[in-house]
Amino acid sequence: MIHKPRPPLVLLVNPWITDFAAHDLWAKPLGLLFLASLLREGGCGIALIDCLEREDPFTNSHPEVLAGRNKKFGTGKYPRMRIPKPQVYADFPRRFHRHGLHPESFRRKLSQIEKPDIVWITSIMTYWYPGVFETVRIVRDTFPSVPVWLGGIYARLCPDHATRWSGADRIVTEDLSRIPGMICDLCGFCLTNERVWGDFSSWPLPALDLLKPAPGYAPVLTGVGCPYRCPYCASALLQPKRERLGSQPIMDQIRWGRHVLGASDFAFYDDALLLDAEHTLRPVLESIAKEGPGIRFHVPNALHVRALSKKWCELLHASGFRTIRLGLETALDGRSLEWGGKVHSEMYLEAVENLFAAGFSPDDIGTYLICGLPGQRPEEVARSVDFVRQSGVRPYICEFSPIPGTPMWERALAVSAFDLAAEPLYHNNTFFACRRPDFTLKDMVALKALAGNRNEKQQE
Ligand code: B12
Ligand code: SF4
């Protein structure tokens, strides 16, 4: 008789964030939730622990924890605990925190789970790795013999660092199409949906049902990749192939979020939401607008300004978009061209006019300006802040975070006095490791003040 291997139980963990400050600006572990549903569809058992859960009663009532706070549209502050600063930040005059569950609560949650056959941990910002490593350590303590795999954005952007220091058994940088084979090699179990993994458009809906308690919003992804190649951005490294979902799967994701979480707020995670969206997102929004929205959409990740025609702006307004962020980066057209040419100032002014004409108010719209790139001068940013203000919209300064493998990386290494290549903590946008005599940390702080941005990460 042929012995059929038992389906493995995979425990998926969203690790802590360790940073000066962190806010749940519609940030859920969407990558992990897609993986969970792929595993489930393929026949595996799954369990999820979200170390960034905001409503954990043990954590929120613990005397060592600064409790979290709910803000509008489902966003909020994570509960957090002050922790010692990593040595590299020793002279940086800010407090450092671990955001999310109290470690004791994490240990309890782990002990309540049946012993898994494998643990998958995700990672996002490269400079959040200390929270990832602590997660790996505690998982290992609880399940010493269980293999731990680490994947996600940090793992893919800094694989050597992760391999050397994370304590995980495997750093997964492979394309998703290879994962079913890797699971089969480990457990002898062959997933029944092997072919789906490498084809984004065939993925099942993200496993939002695993988020307990249900958050007030749902993340949505309608496509991956971006046709632009801005030199400071990792989009092309992370998702070299541009793929979009059709209207039906987009509508299904929104209905699913409404059904499972009861969500009224939805945040798009796309890099290029409105590009080539005529036959994909547009019909979905038209149908939502026709029914009367009853839901709100948010785009914390900026929209492409060039897509904001009069018609698109009217549709965004009619279908319930409430938080609009625009990717301008600079008002200096020469610079914009040098940085990939995704937008120019006239295009931007027209887009803002279209948004206002469609009914958006200044409070709904914010414009991102990248700040501190190698070669950029503080005066340029100040001019851009002024330009955005004049357009009637609020400027948001995005401090440059140098990312390994991007075209701007070599220039960042050249201008920085810190060892960016050896230490991902220096990628932290607040730390601003590319500070230099003609663009100091003081300049950065002053520009944020000029833009009227509350400097929360700097204040804590
Ligand atoms: C949505 C998003 C945000 C959201 C929040 C995201 C979150 N969940 O926390 C918001 C808008 C708040 C945000 C903010 C910022 N962001 Co951001 N963000 C993104 C974005 C667009 C998508 C991330 C995402 O969820 N993808 C969707 C899922 C499906 O993909 P995924 O997580 O990679 O998971 C897949 C794989 O990696 C893999 N996988 C994942 N985990 C695991 C685990 C295992 C075991 C396995 C096998 C596989 C696996 O499978 C998944 C499915 O394919 C990325 C760019 C990108 N294209 O990825 C930038 C990105 C991560 N952000 C970036 C930056 C720079 C920022 C900001 C610093 C910008 C600024 N200057 O203000 C801020 C920082 C905020 C802070 N507190 O420090 C950089 C990274 C910087 C860095 N050094 O790491 C990126 C890469 C964009 C860029 N410019 O290149 N961001
Ligand atoms: S347009 Fe946006 S997502 Fe695309 S490469 Fe440029 S910064 Fe990245």
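Remember, it's a predicted structure, so these values are computed and weren't measured experimentally.

### Regarding the overall build of the protein
- If you tally the helices and strands in the protein, you get 17 helices and 19 strands.
- The C-alpha radius of gyration computed for the protein amounts to 22 Å, which stays within 12% of the reference 23 Å derived for 460 residues, consistent with globular compactness.
- Here the C-alpha coordinates of the protein stretch approximately 75 × 55 × 40 Å along the principal axes.
- A total of 460 residues make up the protein; the buried ones form 45% of that total.
- Once local pairs closer than 6 in sequence are excluded, the contacts in the protein between residues at least 24 apart make up 75%.

### Focus: the site of ligand 2
- Around ligand 2 sit C226, Y228, R229, C230, C233, S235, D271, A272, G327, G340 and K342, and that is every residue in its neighbourhood.
- When the residues that make up the shell around ligand 2 are grouped by side-chain class, the tally is 5 nonpolar, 3 polar and 3 charged.

### Let's talk about the confidence of the model for the protein
- Predicted confidence across the protein gives a mean pLDDT of 96, with 98% of residues reaching 70 or more.
- Within the model, pLDDT remains below 50 along residues 456-460, and this stretch shows 11 contacts once partners closer than five positions in the same chain are excluded.

### Some points on the site of ligand 1
- Around ligand 1, 39 residues are found, and the nearest of them are A27, G31, G151, G152 and A234.
- Top element by residues in the shell around ligand 1 is helix α1 (residues 30-41). It accounts for 5 residues.
- Of the residues that constitute the shell around ligand 1, the class distribution is 25 nonpolar, 11 polar and 3 charged.
- The residue makeup of the shell around ligand 1 includes at least three contributed by each of domain 1 (9-196) and domain 2 (216-459).

### Concerning unusual backbone geometry
- Omega for the peptide link from K212 to P213 comes to -10 degrees, which places this bond in the cis form.
- Inspection of the secondary structure puts P213 in the loop between α7 (179-187) and β12 (217-220).
- Residue F73 is not a glycine yet carries a positive backbone phi of 60 degrees.
- Mapping F73 onto the fold places it in the loop between β5 (69-70) and β6 (76-77).
- Classification of F73 as partly exposed rests on a count of 18 C-beta atoms within 10 Å.
- Within the chain, E329 stands out as a residue other than glycine whose phi angle is a positive 70 degrees.

### Here we look at the environment of W409
- Along the chain, W409 turns up in helix α15 (residues 409-415).
- Overall, the presence of 18 C-beta atoms within 10 Å leaves W409 in the partly exposed class.
- Excluding residues that lie within four positions of it along the chain, W409 makes contacts with P402, I403 and P404.

### Some points on the domain arrangement of the protein
- Per the domain assignment, the segments making up the protein are domain 1 (9-196) and domain 2 (216-459).
- Taken over C-alpha atoms, the centre of domain 1 sits 25 Å from the centre of domain 2.
- The element contributing the most residues to the side of domain 1 that touches domain 2 is helix α5 (residues 153-157), with 3 residues.
- Split into classes, the residues belonging to the side of domain 1 that touches domain 2 amount to 15 nonpolar, 3 polar and 4 charged.

### A closer look at helix α14 (residues 378-390)
- The end-to-end C-alpha separation of α14 is 18 Å, in line with the 18 Å expected for 13 residues at 1.5 Å each.
- All of the buried residues in α14 are V381, S384, V385, F387 and V388. Looking straight down α14, one finds its buried side chains confined to an arc of 165 degrees; they lie on one side. Facing away from the buried side of α14 by over 90 degrees, the exposed positions are E379 and Q390.
- Check the buried side of α14 and you find it contacts β17 (321-329), α13 (345-358), β18 (365-371), β19 (394-399) and α16 (441-451).
- G392 sits one or two residues past α14 and shows a positive phi near 90 degrees.

### Quick word on the nonpolar core
- The biggest cluster of nonpolar side chains holds 127 residues, and the ones touching the most others in it are L12, A36, I121, L150, Y154, L303 and L369.
- Here this core gets 6 residues from one element, more than from any other, and that element is α1.
- Looking at which domains feed residues into this core, each of domain 1 (9-196) and domain 2 (216-459) gives three or more.
- Setting aside its immediate chain neighbours within four residues, I121 contacts V13, P15, V132, T135, V136, V148, L150 and A168.

### Here's the deal with the sheet that holds strand β11 (residues 170-171)
- If you trace the 5 strands from one edge of the open sheet to the other, you get β4-β1-β9-β10-β11, paired in parallel fashion. The sheet terminates laterally at β4 (45-50) and β11, the two strands that pair on one side only.
- The pairing of strand β9 (residues 118-121) with strand β10 (residues 148-150) spans 3 bridges and is classified as parallel. Bridged to I121 within β10 is L150.
- The sheet contacts of α1 involve β1 (9-14), β4 and β9, and relative to β1 the element is tilted by about 175 degrees.
- Across the face of the sheet, helix α4 (residues 129-142) comes into contact with β1, β9 and β10 while running at roughly 165 degrees to β10.

### Some thoughts on the packing of helix α3 (residues 103-111) against α4
- At a closest axis distance of 10 Å, the pairing of α3 and α4 adopts a crossing angle of 40 degrees. Taken as axis vectors, α3 and α4 run oblique relative to one another. By crossing handedness, the relation of α3 to α4 is classed as right-handed. Across from P103, F106, R107, L110 and S111 in α3, the residues of α4 making contact are I138, V139 and T142.
- Class assignment for the residues of the contact of α3 with α4 results in 5 nonpolar, 2 polar and 1 charged.

Reading the values: the criteria
Residues numbered from 1 in each chain as written. Chains lettered and ligands numbered in written order. Predicted model: local features only at pLDDT ≥ 70, side-chain atom pairs only at ≥ 80, totals over all residues. Helix = DSSP H or I, 4+ residues; strand = E, 2+ residues; numbered from the N terminus. Rg over C-alpha atoms; globule rule 2.2 N^0.38 Å. Buried ≥ 20, exposed ≤ 12 C-beta atoms within 10 Å, placed from the backbone. Contact = placed C-beta atoms within 7 Å. Near = placed C-beta within 6 Å. Nonpolar A, V, L, I, M, F, W, Y, C, P; charged D, E, K, R; others polar. pLDDT = per-residue confidence, 0-100. Domains from an automatic or database assignment. Expected span 1.5 Å × (residues − 1). Arc of directions from axis to C-beta. Core = buried A, V, L, I, M, F, W, Y, C linked by C-beta atoms within 7 Å. Pairing = 2+ DSSP bridges. Axes fitted to C-alpha atoms, helices over the stretch in contact; angles between N-to-C directions. Parallel < 35°, antiparallel > 145°, perpendicular 65-115°, else oblique. Left-handed = near helix turned anticlockwise from the far one by under 90°.

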